[in-house]
Amino acid sequence: MTHGTRTVIARAQLTGLILAGGQGARMGGVDKGLEPLLGRPLVEHAIARLAPQVGHLAISANRHIAEYRRYGYPVFSDDAGPMRTASPQTHTDANAPDATHAGTPRFSGPLAGIATGLASIDSDWLLVVPCDAPLFPTDLAARLIEAIEISAADLAVAATIEADGSRQRHPVFALIPRRLAASAAAALDAGAYKLDAWYRRHNPVEVSFPDSRAFYNANTLRDLRELER
Ligand SMILES: Nc1nc2c(ncn2[C@@H]2O[C@H](COP(=O)(O)OP(=O)(O)OP(=O)(O)O)[C@@H](O)[C@H]2O)c(=O)[nH]1
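Residues numbered from 1 in each chain as written. Predicted model: local features only at pLDDT ≥ 70, side-chain atom pairs only at ≥ 80, totals over all residues.

- As annotated in an unreviewed UniProt entry, the chain is Molybdenum cofactor guanylyltransferase from Pararobbsia silviterrae.
- Comment text from UniProt for the chain, heading Catalytic activity (unreviewed entry), reads "Mo-molybdopterin + GTP + H(+) = Mo-molybdopterin guanine dinucleotide + diphosphate".
- Heading Function (unreviewed entry) of the UniProt record for the chain holds this comment: "Transfers a GMP moiety from GTP to Mo-molybdopterin (Mo-MPT) cofactor (Moco or molybdenum cofactor) to form Mo-molybdopterin guanine dinucleotide (Mo-MGD) cofactor." (UniProt positions renumbered as here; feature names shortened; annotations may be inferred.)

### Remarks on the UniProt feature "binding site: GTP" (unreviewed entry) in the chain
And step 1. Residues given the UniProt feature "binding site: GTP" (unreviewed entry) here are Leu 19, Ala 20, Gly 21, Lys 32, Asp 78 and Asp 132.
And step 2. In this structure, Gly 21 sits in the loop between strand S3 (14–20) and strand S4 (36–37).
And step 3. The buried category is assigned to Gly 21, around which 30 C-beta atoms lie within 10 Å.
And step 4. Once residues lying within four places of it in the same chain are set aside, the contact partners of Gly 21 are Ser 60, Ala 61, Asn 62, Asp 78 and Gly 113.
And step 5. Relative to the helices and strands, Asp 78 is located in the loop between strand S7 (75–76) and helix H3 (88–91).
And step 6. A tally of 27 C-beta atoms within 10 Å means that Asp 78 is categorised as buried.
And step 7. When sequence neighbours within four positions are dropped, the list of residues in contact with Asp 78 reads Gly 21, Asn 62, Thr 104, Arg 106, Ala 112, Gly 113 and Thr 116. (Helix = DSSP H or I, 4+ residues; strand = E, 2+ residues; numbered from the N terminus. Buried ≥ 20, exposed ≤ 12 C-beta atoms within 10 Å, placed from the backbone. Contact = placed C-beta atoms within 7 Å.)

### Concerning the sheet that holds strand S10 (residues 167–177)
And step 1. Judged by pairing direction, the sheet is mixed, and its 7 strands sit side by side in the order S7-S6-S3-S8-S10-S9-S11 without closing on themselves. Each edge of the open sheet is held by one strand with a lone partner, namely S7 and strand S11 (204–209).
And step 2. Sitting on the sheet, helix H1 (residues 42–50) touches S3, strand S6 (56–61) and strand S8 (125–130), and the angle it makes with S3 is about 165°.
And step 3. Running at roughly 140° to S6, helix H4 (residues 110–120) makes contact with S3, S6, S7, S8 and S10 of the sheet. (Pairing = 2+ DSSP bridges. Axes fitted to C-alpha atoms, helices over the stretch in contact; angles between N-to-C directions.)

### Things to note about the site of the ligand
And step 1. Lining the immediate environment of the ligand, one finds 23 residues, of which Gly 21, Gly 22, Arg 26, Gly 113 and Pro 130 sit closest.
And step 2. For the shell around the ligand, the elements supplying multiple residues, two or more each, are S3 and H4.
And step 3. In terms of residue count, the dominant contributor to the shell around the ligand is H4 (3 residues).
And step 4. Among the residues making up the shell around the ligand, the classes are represented as 9 nonpolar, 10 polar and 4 charged. (Near = placed C-beta within 6 Å. Nonpolar A, V, L, I, M, F, W, Y, C, P; charged D, E, K, R; others polar.)

### Some points on the environment of Leu 34
And step 1. Relative to the assigned elements, Leu 34 resides in the loop between S3 and S4.
And step 2. C-alpha separation for the pair Leu 34 and Val 129, spaced 95 residues apart in sequence, amounts to 15 Å.

### Some details on the environment of Val 128
And step 1. Counting through the fold element by element, Val 128 comes out in strand S8.
And step 2. The spatial distance from the C-alpha of Val 128 to the C-alpha of Ala 141 is 9.6 Å, given a sequence separation of 13 residues.
And step 3. Aside from chain neighbours lying at most four places away, what touches Val 128 is Leu 17, Leu 19, Ile 114, Val 172, Phe 173, Ala 174 and Ile 176.

### Concerning H1
And step 1. Taken together, the buried positions of H1 are Leu 42, Val 43, His 45, Ala 46, Ile 47 and Leu 50.
And step 2. On its buried side, H1 packs onto S3, S4, strand S5 (40–41), S6, helix H2 (65–69) and S8.

### Regarding unusual backbone geometry
And step 1. With a phi close to 50°, His 64 is a non-glycine residue in the positive phi region.
And step 2. Tracing the sequence through the fold places His 64 in the loop between S6 and H2.
And step 3. Exposure remark for His 64: the 18 C-beta atoms within 10 Å place this residue in the partly exposed category.
And step 4. For Asn 203, which is not a glycine, the phi torsion comes out positive at approximately 50°.
And step 5. Examined against the element boundaries, Asn 203 turns out to sit in the loop between helix H7 (195–200) and S11.
And step 6. For Asn 203, a count of 11 C-beta atoms within 10 Å gives the class exposed.

Shown next, in the form of structure tokens:
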């Protein structure tokens, strides 16, 4: 909703999307969202942290769709073409969706999950988080919403300031309006899969969070064990 020139975002107009559609190559090709952390799949940790912050939830996954559906939220698979870039494990994955039409190659990266999310939701805003960073801030939605409301930005992306003073962007934590669905789809059609480059075209605002540990993400099985400590 827009009041004069000011955008106001109600929580009911926010769908949280957990990105769990990657290859997990650095974890040996596993479906990362289903990997256990302290005895519970990573996706459950993300659901627990995201659900209180949003009006609706959905999961972006490209394998083991039935397992993700068990959580009771919509599961969106990327609008995928032939599995040109998939790893051998995923070629033989019996749960992989049928991918016979030409289009975006499977496992094209997070923008593919975001594009499908934007095209699939009924609410006006999409709050994206990855499945592999279970400590993300409990005020993620509130702070990204605030940044959009007080700026003229189209979308908001999380960032942290590191100990050495450098700025680190966390592009898979973002608040994006549904009206950019066609733009995301067009970028993928053009083979422009880079999230940062797509954001730059849409007047992003970076929102600084104080604790970079909150954005720690597990890329390897060793990272996961590290998180457990
Ligand atoms: N829907 C969707 N999500 C993706 C895709 N690629 C990555 N992601 C998600 O984006 C987030 C960041 O992904 P990365 O850690 O860069 O990639 P990954 O596939 O999970 O892991 P690696 O293969 O080891 O790079 C994770 O939550 C992934 O699940 C994709 O092609 N489609």
